[in-house]
Protein chains: 2
Amino acid sequence: MRVAVDAMGGDYAPHEIIKGAVEAAREFGATVVFVGDEAAINLELSQYRQGQPFLYEVVPTTQVITFHDHPSEVLRTRKDSSLYRAIQLVAEKKCEAIVSAGSTGAQMAISLFVLGRIRGVLRPGLITPVPSVTGEPFYFIDVGAVADCVPENILQFARMGQVYCRLVTGKETPTVGLLNIGEEAEKGSRQVIEAHKLLAARTPGFIGNVEPKEAFRHVADVVVSDGFTGNIFIKTMESTAETLFDLMKTALGSSIKGKVGGALAHSNLRLVKQKLDYSQYGGVPLLGVKGISVVCHGRSDATAIYHAIRVARNVSDEGLVTKLEALWK
Amino acid sequence: MRVAVDAMGGDYAPHEIIKGAVEAAREFGATVVFVGDEAAINLELSQYRQGQPFLYEVVPTTQVITFHDHPSEVLRTRKDSSLYRAIQLVAEKKCEAIVSAGSTGAQMAISLFVLGRIRGVLRPGLITPVPSVTGEPFYFIDVGAVADCVPENILQFARMGQVYCRLVTGKETPTVGLLNIGEEAEKGSRQVIEAHKLLAARTPGFIGNVEPKEAFRHVADVVVSDGFTGNIFIKTMESTAETLFDLMKTALGSSIKGKVGGALAHSNLRLVKQKLDYSQYGGVPLLGVKGISVVCHGRSDATAIYHAIRVARNVSDEGLVTKLEALWK
């Protein structure tokens, strides 16, 4: 398969992006199409002349999208950016998937504009695996694609999330929970109450409302919410974990006993940190567009990019887009 | 001062409730008015005949409110419940404050109905201190009183939150941040964008949007959101922390080195857990009603109740209700 990689997107571009993509190309035998500044890409690639050979191409572009560019501006004025061209390669069937750690807003806007929506989809959504106490992640959608939702969006997220979860886990009918502030059907905002009714009527596997605590216990395979709440959920989880690790580091450093204990327990505690580490998941596909567009964290390192390409390959091999299209046939 | 205590509300009532209240009565010289099942209260009180004397009264009631009772039902059918009678004591000026660990929904509904709203307040909100990396908590409002907000509610929460924060911390103009999924003014849902405009125009100390990460870094003294998002924020934070501690416990137990390290670091790690422990904050006042109604966690133990009574005393001494009334004069 051929994967377009936005070589210029992300905090650690192009170095970490190219490093991770080269690893993936070697491991999976995929052809990586690097899109971006030709000189910068070639300079990075010169480091990989030794070792196992791999397949790649370079598509040179001249423009750059920054996190400050407004997505709607980007559509008009950044057609020769690495991100825009990389997505075009998928639309033109020259690549099966695109991977970027650049601006998520721009990637969503360009993907929607250039690839188009799957027939029947109101708004694409972003799904992400979230660690749970059981060790097996659950899948959360929408983590921020659609800040203003109607209940029908939430229903669609649930159904697309189920398709994705089935594809990734092999479960026939993944269970779905609605993120809410109480378990009872009548709890929450008007929007959530309406979404609950839709889900109850039209989603096999719907188990009702789940509060954050139950979500982390993996009571549902897929947890669904509007993109505003979902983004707050994910970011609160990430920053609580970061805050806790910071506090722990300070606390362990405050006494000799703590320092010794911390040193001894270091590898165990690192295991916990790894469980929460997003880079192992790599990236997440935007569900609902006619093509595979894998969105990575802006802070993605080589490992994250490697895994994002793995995700892109898997969902491409499994026919994600065709399976989503079947939902509305 | 006289504090009405709902002796029957909470997972550990009446034992822990009465234990904490007795400690507070002894420490602060307050009169505690225990409301609930007379026999049960007297049985508990018999344990405290020894030791330092304290002032108390018992107001017997016959009904109980459970977490399953719908708040609107409660208003009609549970007038002789411990919670309803305790709140009435404040309305009748027989007590300065009421403290309960019973159903939060019922406490909010009864407080609103029996005490009434402060003139000008659209909807009362719940405020809570949240630990930050600086060691000093920030104050979050609304953590779940109003699931369906209009932007004006959020503005009012911000202003009431500032008054509360000033009263608790002594800061002249506490800074206010709006919880959002991005820093820029145009980020977020339509509701949040509108709220941003209102806050920017009418709130001295408003610093703009804050994401969860910034909130935990204490970039604002008061963080404001609608009650649905706020409740998800608080519950996600609590359950992420719980999940992490669970994962750590498992990880430390998985090897000898981990067990030894964990044992050595135990007191340091416990310090971190204590920082996140809600019981040290006790309870939170419902802001916007004409009286002091302190809401405690359902799982409150004696320490939480002790601190809740401390909070009730402080805000009563500082004239919280009068200060809130001044906002709309």
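This report concerns the structure included in the present document. (Residues numbered from 1 in each chain as written. Chains lettered and ligands numbered in written order. Predicted model: local features only at pLDDT ≥ 70, side-chain atom pairs only at ≥ 80, totals over all residues. Heavy atoms only, no water.)

### Focus: the sheet that holds strand S1 (residues 2-6) of chain B
Residues and elements named next belong to chain B. Spatially, the 11 strands line up as an open sheet ordered S3-S2-S1-S4-S11-S10-S5-S6-S9-S7-S8, and their pairing is mixed. Looking along the sheet, the strands with just one partner apiece sit at the ends: strand S3 (55-60) and strand S8 (206-210). With strand direction ignored, the average angle separating the axes of adjacent strands in the sheet is 25°. Looking at chain direction, strand S6 (residues 138-141) and strand S9 (residues 222-224) are connected through 3 bridges and run parallel. Across the sheet, the residue bridging to isoleucine 141 is valine 224, located in S9. (Pairing = 2+ DSSP bridges. Helix = DSSP H or I, 4+ residues; strand = E, 2+ residues; numbered from the N terminus. Axes fitted to C-alpha atoms, helices over the stretch in contact; angles between N-to-C directions.)

### Describing helix H9 (residues 227-252) of chain A
All names here are of chain A. Here H9 is 26 residues long and its end C-alpha atoms lie 37 Å apart, about the 38 Å a rise of 1.5 Å per residue gives. Most of H9 sits inside the fold, with 20 of its 26 residues counted as buried. N-cap assignment for H9: the residue whose side-chain oxygen lies 3.0 Å from the backbone N of phenylalanine 228 is aspartate 226. (Expected span 1.5 Å × (residues − 1). Buried < 20%, exposed > 50% of the residue type's maximum accessible area, 1.4 Å probe, protein only. Polar contact = N/O pair within 3.5 Å; in protein donor to acceptor, adjacent residues only side chain to side chain.)

### Describing the sheet that holds strand S7 (residues 176-179) of chain A
Think of a sheet as strands paired side by side through backbone hydrogen bonds, with each pair either parallel or antiparallel. Residue and element names in this part refer to chain A. Within the open sheet, the 11 strands sit side by side as S3-S2-S1-S4-S11-S10-S5-S6-S9-S7-S8. Their pairing is mixed. If you trace the sheet from one side to the other, it starts and ends with strand S3 (55-60) and strand S8 (206-210), each paired once. Direction aside, neighbouring strands of the sheet carry axes that sit 25° apart on average. With 2 bridges joining them, strand S5 (residues 125-130) and strand S10 (residues 283-287) adopt antiparallel strand pairing. Within S10, the position partnered with glycine 125 by the bridge is leucine 287. Along the sheet, helix H12 (residues 302-317) contacts strand S1 (2-6), strand S4 (97-100), S10 and strand S11 (292-296); its crossing angle with S11, the most-contacted strand, is approximately 155°. (Contact = heavy atoms within 4.5 Å.)

### Brief notes about the packing of helix H1 (residues 15-28) of chain B against helix H2 (residues 38-45) of chain B
Residue and element names in this part refer to chain B. One can describe the packing of H1 onto H2 by two numbers: an axis separation of 10 Å at closest approach and a directional angle of 55°. Classified by the angle their axes make, H1 and H2 are oblique. The two elements H1 and H2 meet at a crossing, and its hand is right-handed. Note on element contacts: H2 touches H1 through Ile41, Glu44 and Leu45, opposite His15, Ile18 and Val22. Its residues placed into classes, the contact of H1 with H2 shows 4 nonpolar, 1 polar and 1 charged. (Parallel < 35°, antiparallel > 145°, perpendicular 65-115°, else oblique. Left-handed = near helix turned anticlockwise from the far one by under 90°. Nonpolar A, V, L, I, M, F, W, Y, C, P; charged D, E, K, R; others polar.)

### A few points about the state of the cysteines
All names here are of chain B. This structure, assessed with the given rule, holds 0 disulfides over all chains. As a non-bridged cysteine, cysteine 95 has cysteine 296 as the owner of its nearest cysteine sulfur, 15 Å distant. Not part of a disulfide, cysteine 165 finds its nearest cysteine sulfur in cysteine 149, a span of 20 Å. Its relative accessible area of 1% is what places cysteine 165 among the buried residues. (Disulfide = S-S within 2.5 Å.)

### Regarding the interface of chain B and chain A
Accessible area lost during the coming together of the parts is what is often quoted as the interface size. Taken together, the contact pairs 51 residues of chain B with 51 residues of chain A. Interface area, chain B with chain A, both sides summed: about 4700 Å², of which 72% is carbon and sulfur. Looking only at chain B, the three residues that lose the most surface to chain A are Ile181(B), Phe228(B) and Leu247(B), adding up to 14% of its buried area. On the surface where chain B and chain A come into contact, there are 4 salt bridges. Across the contact surface, chain B and chain A share 6 residue pairs in polar contact (both at pLDDT 80 or more). Elements with a minimum of two residues in the side of chain B that touches chain A: helix H7 (190-202), helix H8 (212-216), helix H9 (227-252) and helix H10 (256-275) of chain B. Looking at which element gives the most residues to the side of chain B that touches chain A, the answer is H9(B), with 20 residues. When the residues that make up the side of chain B that touches chain A are grouped by side-chain class, the tally is 24 nonpolar, 16 polar and 11 charged. (Buried area = accessible area lost by both parts, 1.4 Å probe. Salt bridge = Lys/Arg side-chain N within 4 Å of Asp/Glu carboxyl O.)

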